[in-house]
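Geometric and topological summary
Spelled out, the chains give:
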Amino acid sequence: MASAQSDLLESDSLATLEERIRRTVELVAALRAERDQAIKERDAAIEQLDTARNAAKAPAAEAQKLREELEGLRSERKQVRTRIEKLLGQMDLLSGQ
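Structure report, in brief. Keep in mind that this is a model prediction, so the values were computed, not measured. (Residues numbered from 1 in each chain as written. Predicted model: local features only at pLDDT ≥ 70, side-chain atom pairs only at ≥ 80, totals over all residues. Heavy atoms only, no water.)

Another point: the overall build of the chain. If you tally the helices and strands in the chain, you get one helix and zero strands. Going through the 97 residues of the chain one by one, you find that 0% of them count as buried. (Helix = DSSP H or I, 4+ residues; strand = E, 2+ residues; numbered from the N terminus. Buried < 20%, exposed > 50% of the residue type's maximum accessible area, 1.4 Å probe, protein only.)

Evaluation of the coordinates by the stated rule reveals five salt bridges. When the shortest N-O distance is used, the salt bridge between Glu 19 and Arg 22 registers 2.2 Å. Taken as a pair, Glu 19 and Arg 22 lie in helix α1 (residues 2–96) at a separation of three residues, close to a single helical turn. Judged by relative accessible area, Glu 19 falls into the partly exposed class, the value being 32%. Residue Arg 22 is classed as partly exposed on the basis of its relative accessible area, which comes to 37%. One salt bridge connects Arg 35 with Asp 36, and the closest N-O pair in it is separated by 3.2 Å. With relative accessibility at 47%, the residue Arg 35 sits in the partly exposed group. Here the residues in one salt-bridge network are Glu 19, Arg 22, Arg 23 and Glu 26, joined through shared partners. (Salt bridge = Lys/Arg side-chain N within 4 Å of Asp/Glu carboxyl O.)

With that out of the way, let us pick up a nonpolar patch on the surface. Taken together, the side chains of Leu 14, Leu 17, Ile 21 and Val 25 make up a nonpolar region of the molecular surface, amounting to roughly 370 Å² of accessible area. Mapped onto the secondary structure, Ile 21 falls in helix α1. (Patch = residues over 30% accessible without salt bridge, like charges linked within 9 Å, V, L, I, M, F, W, Y side chains within 5 Å. Areas by Shrake-Rupley, 256 points an atom, 1.4 Å probe, with all protein chains shown as cover.)

If you want it as structure tokens, here you go:
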């Protein structure tokens, strides 16, 4: 009877160990699936970030181009103003004679 009880305990221990191993394997599989999903989400986020950065470059370049154009127009306006003032000064000299 002691042998039967010993075999039963050994069988229960083995069944418990098998169950623990099975749960461990399931847990490892679940963790791997979560890791793979996290990697996919990370890669998608990196791709979105790259897309956003590239999209932001176009307006920044356009803004720089417009700043340069504005600066050029201001310079041109200053030159025109100087020339008009000079012409008005010459007209005043002519009308004063």
